[in-house]
Amino acid sequence: MRRAREAAVPRDLCTALEHLLGASVAHVRVIEHSWFARLHGRAVATTRPGRIYLRGNAADFFADPWLMLHEYCHVIRQWQPGSLTAARYLLECLRRGYWNNRFEVEARAFADTHVARLRALLARAPPAAAAPHPSSASRR
Ligand SMILES: [Zn+2]
């Protein structure tokens, strides 16, 4: 089993995330190969104030804009202002289950809303699943 360790967040990722979140992410520590994440069932990541714990490696996380937006939303928009607490999260899960608890609903919606913009900001090669450009037949 790999040992947990803190991963350095690439500067361009920080800049792009800060642009979309409207807040600094410099203080958020990303821990890969985390035993703490493994305690949380099948989740690939779990969060706490100022922390993102990954089950796997940070390179996979940094290559997944949707997952980054989702997890940073939990940290910056929920833990940081205090709307998310461990007790509230547990209560939401008991009431509505994992999928429908309001913290997960909000984080998924945030990721859905901003994922295209984050991809554009990172200016990476277009994902393989991207729609093809309109054919020449559609030109006027
Ligand atoms: Zn989540």
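Figured I'd write up the structure that's included with this text.

1. Quick look at helix 1 (residues 11–21)
An α-helix turns once per 3.6 residues; consequently, residues spaced three or four apart project the same way. Buried within helix 1 we find L13, C14, A16, L17, E18, L20 and L21. Just downstream of helix 1, G22 is the residue with a positive phi angle, here 70°.

2. A closer look at the sheet that holds strand 4 (residues 51–54)
Strands sit in the order 1-2-4-3 across an open sheet of 4 strands; the sheet is mixed. Pairing within the sheet leaves two strands with one partner each, and these edge strands are strand 1 (5–7) and strand 3 (45–48). Taking the axes of each pair of neighbouring strands and ignoring which way they run, one obtains an average angle of 30° across the sheet. Two elements, strand 3 and strand 4, share 4 bridges in a ladder whose sense is antiparallel. Bridge assignment links T47 to a residue of strand 4, and that residue is I52. Running at roughly 15° to strand 3, helix 4 (residues 65–79) makes contact with strand 2 (29–32), strand 3 and strand 4 of the sheet.

3. Structural notes on the pattern of salt bridges
Enumeration according to the criterion identifies 5 salt bridges in this entry. With a shortest N-O distance of 3.7 Å, E18 and R11 are connected by a salt bridge. When its relative accessible area of 19% is taken as the criterion, E18 is described as buried. In this structure, R96 and E92 form a salt bridge, with 2.9 Å as the shortest nitrogen-oxygen distance. On the criterion of helical spacing, the pair formed by R96 and E92 is a turn pair, its members being 4 residues apart in helix 5 (residues 86–100). What makes R96 partly exposed here is its relative accessible area of 44%.

4. Quick word on the layout of surface pockets
Of the pockets and cavities examined, the largest pocket occupies roughly 480 Å³. Among the residues forming the lining of the largest pocket, the class breakdown is 13 nonpolar, 5 polar and 5 charged.

5. With respect to the packing of helix 5 against helix 6 (residues 102–122)
Contact geometry of helix 5 with helix 6 gives a least axis separation of 7 Å together with a crossing angle of 65°. Here R88, Y89, E92, Y98, W99 and N100 of helix 5 come into contact with helix 6, specifically with R102, F103, E104, V105 and R108. Along the lines of polarity and charge, the residues of the contact of helix 5 with helix 6 split into 5 nonpolar, 1 polar and 5 charged.

6. With respect to the coordination of the zinc ion
Donor atoms from the polypeptide that coordinate the zinc ion comprise H70 (NE2), H74 (NE2), E104 (OE) and E104 (OE), at 2.0 to 2.7 Å from the metal. Seen from the zinc ion, its 4 donor atoms lie at angles of 52 to 144°, and the figure they make is irregular. Within one chain, the residues donating to the zinc ion are spaced in sequence as H-x3-H-x29-E. Highlighted residues: H70 and H74, both in helix 4, separated by 4 residues, approximately one helical turn. When sorted by exposure, H70 lands in the same class as H74, which is buried.

7. Brief notes about helix 6
In this model, helix 6 (21 residues) spans 29 Å end to end at C-alpha, consistent with the 30 Å of a helix rising 1.5 Å per residue. The largest bend in helix 6 amounts to roughly 50° and is located at H114. Among the residues of helix 6, those classed as buried are F103, E104, A107, R108, F110, A111, V115, L118 and L122. By the N-cap criterion, in which a side-chain oxygen at the helix start approaches the backbone nitrogen of a residue two or three places on, helix 6 is capped by N101, the distance to F103 being 2.9 Å.

Parameters and conventions
- Residues numbered from 1 in each chain as written.
- Predicted model: local features only at pLDDT ≥ 70, side-chain atom pairs only at ≥ 80, totals over all residues.
- Heavy atoms only, no water.
- Buried < 20%, exposed > 50% of the residue type's maximum accessible area, 1.4 Å probe, protein only.
- Helix = DSSP H or I, 4+ residues; strand = E, 2+ residues; numbered from the N terminus.
- Pairing = 2+ DSSP bridges.
- Axes fitted to C-alpha atoms, helices over the stretch in contact; angles between N-to-C directions.
- Contact = heavy atoms within 4.5 Å.
- Salt bridge = Lys/Arg side-chain N within 4 Å of Asp/Glu carboxyl O.
- 1 Å grid on protein atoms, 1.4 Å probe; cavity = no way out; pocket = protein on both sides within 12 Å on 5 of 7 lines; lining within 4 Å.
- Points joined across faces, edges and corners; volume = space filled by probe spheres on them.
- Nonpolar A, V, L, I, M, F, W, Y, C, P; charged D, E, K, R; others polar.
- Donors = N, O, S within 2.8 Å, 3.2 Å for Na, K, Ca; no water.
- Tetrahedral: all angles 85-135°; square planar, octahedral: opposite > 155°, others 65-115°.
- Expected span 1.5 Å × (residues − 1).
- Bend = angle between axes of the 7 residues up to and from the residue.
- Polar contact = N/O pair within 3.5 Å; in protein donor to acceptor, adjacent residues only side chain to side chain.

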